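Results of the structural survey
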There are 4 protein chains.
Amino acid sequence: MTESSTEPAWKTAITEVQPNHVRVRGYDIAELMGNVSFGQAVYLILRGEMPDEKVGRLMEAMLVATIDHGATPPSALAARTVASTGATLSASVAAGIASINDHHGGAIEQCARQLGHIVNQQKETGESLDRVAEAVLNDLKGADQRMAGFGHRIHDHDPRTARLFELAEQTGIDNSHIQAAKAVENVFSAGGKNLPINVDGAMGAILADLGFEPAMMNGLFMIARLPGLVAHVHEEKTRQKPMRRIDPVNHSYDGPAARSLPANS
Amino acid sequence: MTESSTEPAWKTAITEVQPNHVRVRGYDIAELMGNVSFGQAVYLILRGEMPDEKVGRLMEAMLVATIDHGATPPSALAARTVASTGATLSASVAAGIASINDHHGGAIEQCARQLGHIVNQQKETGESLDRVAEAVLNDLKGADQRMAGFGHRIHDHDPRTARLFELAEQTGIDNSHIQAAKAVENVFSAGGKNLPINVDGAMGAILADLGFEPAMMNGLFMIARLPGLVAHVHEEKTRQKPMRRIDPVNHSYDGPAARSLPANS
Amino acid sequence: MTESSTEPAWKTAITEVQPNHVRVRGYDIAELMGNVSFGQAVYLILRGEMPDEKVGRLMEAMLVATIDHGATPPSALAARTVASTGATLSASVAAGIASINDHHGGAIEQCARQLGHIVNQQKETGESLDRVAEAVLNDLKGADQRMAGFGHRIHDHDPRTARLFELAEQTGIDNSHIQAAKAVENVFSAGGKNLPINVDGAMGAILADLGFEPAMMNGLFMIARLPGLVAHVHEEKTRQKPMRRIDPVNHSYDGPAARSLPANS
Amino acid sequence: MTESSTEPAWKTAITEVQPNHVRVRGYDIAELMGNVSFGQAVYLILRGEMPDEKVGRLMEAMLVATIDHGATPPSALAARTVASTGATLSASVAAGIASINDHHGGAIEQCARQLGHIVNQQKETGESLDRVAEAVLNDLKGADQRMAGFGHRIHDHDPRTARLFELAEQTGIDNSHIQAAKAVENVFSAGGKNLPINVDGAMGAILADLGFEPAMMNGLFMIARLPGLVAHVHEEKTRQKPMRRIDPVNHSYDGPAARSLPANS
């Protein structure tokens, strides 16, 4: 209890809190505010380094891309079900976050790992990406597994995916996982299957190209989806009666009609 | 089961999902990506209307302002404690979110309500803001309650607060709650107390001036803090042994040294 | 850091852990095992004193009474929805527990408080219980509130309620809240309404007669319902496909047919 | 929407709810109340069949054995940390439940699986249990893994374990996993290590002998620990100030002094 009591019990490398200073990964938050985007700050706190503005813009586009997907995903249903019992906002949203797992959002990480395998195989073998992708897909099929991040039960041509790839291209980052994803699409297409990469797969490819660890990718999905969960819980609490039985499918949208951004926005 | 089965059981006004279109409050997400900031998208999904770029920048500054506050707040400790048992990323982060309540983040909402009371009293009585603030503070004191959002146990002059007010001023929004906050500071100061508005109080004032409902404000705090929670859980899982007893105070920072943004960032 | 470091930072009166001894409220757990029922142990840890066997049997009957109510209550639906995403058993069950709030299980506490009000009014005024109950119900009606714990959307004559009262009578405990509940039934009946006390109301009455604080009563409901939640999550994980959309109403029971305990059980 | 709408969307084999009847695995709850113990009801809902009274008594002893272990386990700390922010009872308890995972409670399941391996190896090889146990422990050592459920950082001779085995013996159930556990103790002892089976290991052995699936065993731990979590949250809310920093080690017990059950209890 003498010397040992002055040695801190454990260490953290995320945020330093001192009187009148809060520094994330070394940067004073007061300096970051207004000077970097939230997308840059998210990258910084998760990766440890400050990305440039273009990468920040790509991060923001990914966060916007998955901000919500209606009331049908299990995260929205779980959050609304808990809210319906009179739970607080935070307890309800927490149930939504707890729903983001292998089968909900998990395709981001799984696709990133599978594309990473294709990228590595291509480097090792020196063969064409399409040929490597074909071999990997055959191996998956043989093992009765499926490629994550391709195809969607609602969207057969999701415009969010093309937009993400377009923005990724503008950043000039390494794009080896994106190329691997396109090779997979080619193989599916050559086999007569229309299984385009979906928004989860595109995020997996881009996050892998940015250097994120797969184990952290579902965290990005949580960050992106939180505003949607807050909106659903707030709507449930203010618009619906408590203890209702929430039909997961049979509901419809009655918000503002389709509209566009002003031309110069 | 004839006509009634075609009528949707319930309605939501947040997001419309159709094949190849996901529209938040009427805007197609694919169009938002790269064209609006995440801060604008957060405002849109919570309020229903698209704010201009300046308000989006202010939203982003608020999100950056509270992205993390080290390992001592209960949300970080709860998330790390749960992670330490071998829980998944999502279950651990959910415990952190469930910790955001009246006593953690709640000062944003409470301060907004109290400042709103001052703003209303000023409108009704026509008296000076300082005089109204003094009366309200006296009432609180008489009821053995305290003004939320002023003073901090670590920071006596938090630079994040000044920065937020500076950015709010640049947007040109109505600033009646910010003025009320300054009146409260004046009254404390005249009474010999150094109780400057803190970052929670500043967010409460600004969010109220932006028109957010108080009941939704803790949601903003959750959105802002989520990246910090993901970072803490990931660090706990990758850097610490499982089932450790986490000292809430006796730990220190060993990340990058203090550093500044490049001049032109 | 000298003397103060030897003084424990805080104290707890629940369980003492010493090498080879774990004592709950003073009783060594090894001695309790096999000698007291779980119902007695639950009462002990929550109230601080060991009840006799009869009260333990009543506690167990209440725990059995609410062990499950099928897949429709929000706690079961929330737990299954989270489980369906690939969550762990504990994260799924936690979502179920987080659903036990004012509108789900809360009638136990609300009814206990309202019956307590009738009991107190009767003591103060000396009037008959039926007359006091009538006045309290009129007050509630005037305030546009309703008496909790009476009536049920499925059961109009729930045999669990009669059984609980029968077992409570056998213990010989004070029964003032049970009497108040019967007075409420009388008033409803005299007014032509068939609103018998339901299982939540009966538990509220009995727990109040046993001396439990209302704020702890929902905890009893959580203890009772946990086995049901574990069963639902396990069934969801082993019998259903992941990421299904769970219909809260349109499902049916296909387990063992109705059966009875053997005569001498 | 014609025929299909009359076919239930999915099925459950746990509980049948009909007007005035709630049947768990076929038994009407009203009949179970007062006639079977909660331990029997827990076994019934998890396993599908009603155990006899002796097994029910063993179930109750296991539930009592792990009802609490003080304020230091992560489930208690997580629940108290969340409670300290002003969370509801259910949200706080849920955080405690979410802490029951591989490293907290998980030894029950891991030990059951490892003992099951010894039991199976013994059947296949026909060698003595001690020899098989030795071989399995050597394999674990070679794979840099450890046997779960043996040894404890606080208790070197936990009386709860002996008590559980004594009660198990009284039921006359198959005891092959208990025998395997004793063989493991023998091997450790012969190697000069004092690593007696702990309460987690004993529960794993007994639950395996009772025929519980390993994947469900942590659910038993949750059921047992819930009353402890409710007690901790209630104490935190009523005895401590909000937003305190909870020292996980430096606290002490100030409840009733050690006491014994009355002789004839």
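Residues numbered from 1 in each chain as written. Chains lettered and ligands numbered in written order. Predicted model: local features only at pLDDT ≥ 70, side-chain atom pairs only at ≥ 80, totals over all residues. Heavy atoms only, no water.

Once that is clear, we can look at the interface of chain D and chain C. Accessible area lost during the coming together of the parts is what is often quoted as the interface size. Counting residues at the interface gives 105 residues for chain D, matched by 106 residues for chain C. Contact between chain D and chain C buries roughly 9200 Å² in total, counting both sides, with carbon and sulfur atoms accounting for 66%. Taken together, chain D and chain C are joined by 2 salt bridges. Across the pair D:Arg259 and C:Glu49 runs a salt bridge whose closest N-O atoms are separated by 2.9 Å. On inspection of chain D and its partner chain C, the count reaches 48 residue pairs in polar contact (both at pLDDT 80 or more). In terms of residue count, the dominant contributor to the side of chain D that touches chain C is helix H11 (residues 214-239) of chain D (16 residues). (Contact = heavy atoms within 4.5 Å. Buried area = accessible area lost by both parts, 1.4 Å probe. Salt bridge = Lys/Arg side-chain N within 4 Å of Asp/Glu carboxyl O. Polar contact = N/O pair within 3.5 Å; in protein donor to acceptor, adjacent residues only side chain to side chain. Helix = DSSP H or I, 4+ residues; strand = E, 2+ residues; numbered from the N terminus.)

What follows concerns unusual backbone geometry. Positioned with a positive phi, A:Asp144 is a non-glycine residue whose angle comes to about 60°. Within the fold, A:Asp144 resides in the loop between helix H7 (129-142) and helix H8 (159-171). On the basis of relative accessibility, which here comes to 72%, the residue A:Asp144 falls in the exposed class. With a phi angle near 50°, C:Arg25 is a residue other than glycine that sits in the positive phi range. (Buried < 20%, exposed > 50% of the residue type's maximum accessible area, 1.4 Å probe, protein only.)

A word on the domain arrangement of chain A. Domain boundaries in chain A define domain 1 (12-51) and domain 2 (107-215). For domain 1 of chain A and domain 2 of chain A, the distance between their C-alpha centroids amounts to 32 Å. (Domains from an automatic or database assignment.)

Okay, the relation of the copies chain C and chain A next. When chain C is fitted to chain A, the best match, at an RMSD of 0.0 Å, comes from turning it 180° and sliding it 0.0 Å along the axis. With respect to symmetry, the two chain copies, as superposed, fit the operation of a two-fold axis. The overlap is high: 100% of the interface residues of chain C also sit at the interface in chain A, so the same surface is used on both sides. (Least-squares fit on C-alpha atoms with pLDDT ≥ 70 in both.)

With that out of the way, let us pick up the interface of chain C and chain A. The partner chain A presents 27 residues to the 27 residues of chain C that form the contact. A buried area of about 2400 Å², summed over both sides, lies between chain C and chain A, and 67% of it is on carbon and sulfur atoms. Together, C:His103, C:Met243 and C:Arg245 form the three largest contributors to the area buried by chain C at its contact with chain A, with a combined 29%. For the interface between chain C and chain A, the tally reads 6 residue pairs in polar contact (both at pLDDT 80 or more).

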